[in-house]
Number of protein chains: 2
Amino acid sequence: MATSCFADRLAKHVPLSDAEKKALTRLEENPRKVRRGAMIQRVNEMVTELFVLREGRVMSFVILPDGSRQILRVYFPGDFIGSASTIYSRAPESLVALSDAIICPFDKHALRRLLEEYPRVAALLFLLSNAERVALTDRLASLGRTSAKARVASFLLDIFDRLRVTDDSITDSFDLKLTQEEIGDAIGLTSVHVNRMIRQMEQEGLISRANGRITLRDMARLEEIGHYTNRHKDMDLDWLPGME
Amino acid sequence: MATSCFADRLAKHVPLSDAEKKALTRLEENPRKVRRGAMIQRVNEMVTELFVLREGRVMSFVILPDGSRQILRVYFPGDFIGSASTIYSRAPESLVALSDAIICPFDKHALRRLLEEYPRVAALLFLLSNAERVALTDRLASLGRTSAKARVASFLLDIFDRLRVTDDSITDSFDLKLTQEEIGDAIGLTSVHVNRMIRQMEQEGLISRANGRITLRDMARLEEIGHYTNRHKDMDLDWLPGME
DNA sequence: CGATTCCTTGACAGGCATCAAGAAACGTGG
DNA sequence: CCACGTTTCTTGATGCCTGTCAAGGAATCG
């Protein structure tokens, strides 16, 4: 059976039945290519669609009245995007493609049917949205209580570990594919200061860079500096409803 | 039928069947009193329990290695607490009672049965956890991109609007029941600077205070200063699975 | 290969933290 | 119900971390 990106991702956490996989695959029936920089969803627009990201990278963000931007989340292939708009009729955040990407839009009502017919999938979605919640609180603590250097360190580690979930070939380096301005907008700094911190970490041998690729040279110290915890190691979904 | 605090809360969003209400009520079968300051859950502890808060106030937080604290969320009666630990075996955050409180602990497995038997409730929980997600991203933008004064303003408005969801008698004033240090720990400031901002807002006639009670005197300007959006107005759960 | 975006670096400024200390409010036990 | 210890609030002085402004260089894109 051809399974979807999203089904594969969920199946990494708990075994899924064929029927469940098939239902998840149906969410991805309408893939759509979008170009780097394309606006997928605009804040305050009426929304009836959600997305699964199949390829590329997408970010969610808000723009404040003074023009500054806060990036809320960076999404990778297999991620479920737009859950925020399940509960609001108007989008609370904008979505833009960070690279050329393939997104699979589906209607709220398709999600409704899925939740209705596959309670186990509903439970799983609930749990994964709680995992994302924890990711957000981690960054909240980072912004609220740590230095610029710590924020950069934990941000790099976070992206690194998230990429590694779906790509086993990654060992110590990865393509960040974010400008320093975007990094700053994600962790509450200016691009200028992000640059200073990255440069400093490079000089100290914590990381190195080569044409857009970041290599983590001293992960232990990076984790210490960033007060970073890898949350992916400690997941426990065994108590979920069993497969029939 | 005696309904629970939690069922009442959920029923504000969508009508619930009697069976659903009864199932939710069962989650609150074991109320437990806790004193102000009591630790309900310690970070990194093994967790198998979740909670419904019936009375009083509770906060979740983390302590960083340098001793600083980030308050992640303040909870009010009817809130579902500890969803973070649905997916992790060890608690990612600590829980402490901010006032004398009544909490209703229940086991992960009780939640499992609920999700299994009442898919509509599962869907509802999923949606509400997405609403909390949005609340967190709002605060993320606040910490990342706004001034101290803006953070205080939006924090006060947020607490105010959340209290009003369950208490219709509130018009323009409320008991904050948080020290200035706690406010600071929630919005990434020191207690000293929180004090300066509150004092300034008081002088400007934006708020006033009397024995622990805050009165919002100019809500329009507060919303403008804090770049605040009331999210409670725009909820739309009509597309949820229908009641049988 | 020209134009635009992105990176890099320096000088300077400002917002918020830190430290400190007294006043006020609160809680608790006698 | 008062007295006393503790917590919380308040205010000032000082300093640092990060922002702002600016400008040249590098890289990327069409």
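Up top is the structure.
Going along each chain's sequence as written, the residues are numbered from 1 onward. Think of it this way: whatever chain is written first is A, whatever ligand is written first is 1, and the rest follow in order. Two thresholds apply to this predicted model, a pLDDT of at least 70 for residue-level local features and 80 or more for giving and counting side-chain atom pairs, whereas whole-chain, interface and lining totals are computed over all residues. Side-chain numbers here rest on the full set of heavy atoms in the structure, without hydrogens or water.

## Some thoughts on the sheet that holds strand β9 (residues 173–175) of chain B
All names here are of chain B.
- Pairing in this open sheet of three strands is antiparallel, and the strands run β9-β11-β10 from one edge to the other. Edge positions in the open sheet fall to β9 and β10 (207–210), since each of these has one partner strand only. For this sheet, the mean inter-axis angle between neighbouring strands, taken without regard to orientation, is 25°. Pairing between strands requires that DSSP locate at least two bridges from one strand to the other. Numbered from the N terminus, helices here are DSSP runs of H or I no shorter than four residues, and strands are runs of E no shorter than two. Axes here mean lines fitted to C-alpha atoms, for a helix over just the part in contact, with angles spanning 0 to 180 degrees between N-to-C directions.

## Concerning the interface of chain A and chain B
- Contacts between the two partners involve 61 residues from chain A, matched on the other side by 61 residues from chain B.
- Of the roughly 5600 Å² buried between chain A and chain B on both sides combined, carbon and sulfur atoms contribute 66%.
- Note on definitions: salt bridges are taken to be side-chain nitrogens of Lys or Arg within 4 Å of carboxyl oxygens of Asp or Glu. The tally of links from chain A across to chain B stands at eight salt bridges.
- For B:Lys108, the salt bridge identified is with A:Asp236, shortest N-O distance 3.7 Å.
- We call two N or O atoms a polar contact when they sit within 3.5 Å, provided that within protein one can donate a hydrogen and the other can accept it, with sequence-adjacent residues counted only if both atoms are side-chain atoms. The interface formed by chain A and chain B includes 25 residue pairs in polar contact (both at pLDDT 80 or more). The contact rule is simple, with two residues in contact once any of their heavy atoms fall within 4.5 Å. Here's the idea: put two parts together, see how much 1.4 Å probe accessible area each one loses, and the total over both is what we call buried area.

## With respect to the protein's contact with DNA strand C
- Close to DNA strand C lie 16 residues; A:Gln180, A:Asn195, A:Arg199, B:Ala148 and B:Thr190 are nearest.
- We define proximity as follows: a residue is near a molecule or strand when any one of its heavy atoms falls within 4 Å of that partner. At the protein interface, 78% of the atoms of DNA strand C within 4 Å belong to sugar or phosphate.
- Here a phosphate oxygen of DNA strand C sits 2.9 Å away from a polar atom, N or O, in the main chain of B:Ala148.
- Secondary-structure elements contributing two or more residues to the surface near DNA strand C are α7 (191–203) of chain A together with α7 (191–203) of chain B.

## A look at empty space enclosed by the protein
Residues and elements named next belong to chain A.
- The definitions used throughout rest on a 1 Å grid laid over the protein atoms alone, on which a cavity is an enclosed set of points accommodating a 1.4 Å probe that cannot get out and a pocket is an open set flanked by protein within 12 Å on both sides along at least five of seven lines; lining residues are those having an atom within 4 Å of a point. Grid points are joined across faces, edges and corners, and a volume is the space filled by probe spheres set on the points. Across all of its chains, the model carries two cavities of 30 Å³ or more by this definition.
- For the largest cavity, the calculated volume is near 60 Å³.
- Considering the residues around the largest cavity, the lining is formed by Ile71, Leu72, Arg73, Val74, Arg139, Phe155, Asp158, Ile159, Arg162 and Ala186.
- When contributions to the lining of the largest cavity are tallied by element, the ones reaching two or more residues are β5 (69–75) and α5 (148–166).

## So, the sheet that holds strand β8 (residues 101–107) of chain A
All names here are of chain A.
- In spatial order, the strands read β1-β8-β3-β6; together these four strands make up an open sheet with antiparallel pairing. With one partner strand each, in any of the chains shown, β1 (32–34) and β6 (80–81) form the two edges of the open sheet.
- Sheet topology note: the strand β3 (residues 49–55)/β6 ladder contains two bridges and is antiparallel. Bridge pairing in β6 places Phe51 opposite Ile81.

## Focus on the pattern of salt bridges
Residues and elements named next belong to chain A.
- Enumeration over the complete set of coordinates arrives at 34 salt bridges over all chains.
- Across the salt bridge formed by Asp185 and Arg69, the nearest N and O atoms sit 2.6 Å from each other. Separated by 116 residues along the polypeptide, Asp185 in helix α6 (residues 180–187) and Arg69 in strand β5 bring together distant segments of the chain. With respect to class, Asp185 is no different from Arg69; both count as buried.
- For the salt bridge of Asp138 with Arg231, the shortest nitrogen-to-oxygen distance reads 2.9 Å. Residue Asp138 is found in helix α4 (residues 119–145), and its partner Arg231 is found in the segment after α8 (219–226); the two are separated by 93 residues along the sequence.
- Throughout this description, buried means an accessible area under 20% of the type-specific maximum (1.4 Å probe, protein chains only), exposed means over 50%, and partly exposed covers the range between. Asp138 sits in the partly exposed class, given a relative accessible area of 27%.

## Considerations on the protein's contact with DNA strand D
- The environment of DNA strand D is formed by 16 residues, the closest being A:Ala148, B:Gln180, B:Asn195, B:Arg199 and B:Arg209.
- For DNA strand D, the fraction of atoms within 4 Å of the protein that belong to sugar or phosphate moieties is 74%.
- Between DNA strand D and B:Asn195, the relevant distance is 2.5 Å, taken from a phosphate oxygen to a side-chain nitrogen or oxygen of the residue.
- In this structure, B:Arg209 approaches DNA strand D through a side-chain N or O atom, which is 3.0 Å from a phosphate oxygen.
- Take the surface near DNA strand D: its biggest share by element is four residues, from α7(B).
- In terms of residue class, the surface near DNA strand D is built from four nonpolar, seven polar and five charged. Just so you know the grouping, Ala, Val, Leu, Ile, Met, Phe, Trp, Tyr, Cys and Pro go in nonpolar, Asp, Glu, Lys and Arg go in charged, and all remaining residues, Gly too, go in polar.

## So, the packing of aromatic side chains
- Here a pair means two rings of Phe, Tyr or Trp (six-membered ring of Trp) with centres within 6.5 Å. Their orientation is stacked below 30 degrees between planes, edge-to-face above 60, and tilted elsewhere. Inspection of the entire model under this criterion finds eight aromatic pairs over all chains.
- Seen in terms of ring centroids, A:Phe6 and A:Phe80 are 5.6 Å apart; in terms of plane orientation they differ by 20°. Their pairing is stacked. Taken together, the residues A:Phe6 in helix α1 (residues 5–11) and A:Phe80 in strand β6 connect sequence positions 74 residues apart. Of the two residues examined, A:Phe6 and A:Phe80, each falls in the buried class.
- Measuring from ring centre to ring centre gives 6.4 Å for A:Phe126 and B:Phe80, while their planes differ by 25°; the resulting arrangement is stacked. Here B:Phe80 lies in strand β6 (residues 80–81) and A:Phe126 lies in helix α4, a pairing that spans two chains. Across this residue pair, the class does not change: A:Phe126 and B:Phe80 are buried.
- Three or more aromatic residues link up through ring pairs in this structure, and these residues are A:Phe6, A:Phe80, A:Phe106 and B:Phe126.

## Considering the pairing of strand β7 (residues 94–97) of chain A
Residues and elements named next belong to chain A.
- The alternating pattern of β7 places Ser94 and Val96 and Leu95 and Ala97 on opposite faces, both of which are buried.
- Bridge count between strand β2 (residues 39–41) and β7: two bridges; the pairing is antiparallel. Residue pairing for β7: Gln41 is matched across the bridge by Leu95.
- In the sheet, strand β4 (residues 58–63) pairs with β7 via four bridges, with the strands oriented antiparallel. Residue pairing across strands places Phe61 opposite Ser94, the latter belonging to β7.

## Side note on the nonpolar core
- Nine residue types can take part in a nonpolar core, namely buried Ala, Val, Leu, Ile, Met, Phe, Trp, Tyr and Cys, and a core is a set of them joined through side-chain atoms within 4.5 Å. Core analysis: the largest hydrophobic core is formed by 81 residues, its most contacted members being A:Phe174 and B:Phe174.
- Core analysis: the second largest hydrophobic core is formed by 68 residues, A:Phe126, B:Leu114, B:Tyr118 and B:Leu237 among them.

## Remarks on the relation of the copies chain A and chain B
- Each copy of the sequence occupies a distinct position, and chain A is placed on chain B by a rotation of 180° and an axial shift of 0.0 Å, giving an RMSD of 0.0 Å. Here the transformation between the copies is reduced to the relation of a two-fold axis. Across chain A, the smallest distance between a C-alpha and the rotation axis is recorded for A:Phe126, namely 2.3 Å.
- By residue overlap, the copies meet face to face through one surface: 100% of the interface positions of chain A are interface positions in chain B. When the copies are superposed, the least-squares fit takes in the C-alpha atoms of residues with a pLDDT of at least 70 in both.

That is the geometry; function is a separate question.
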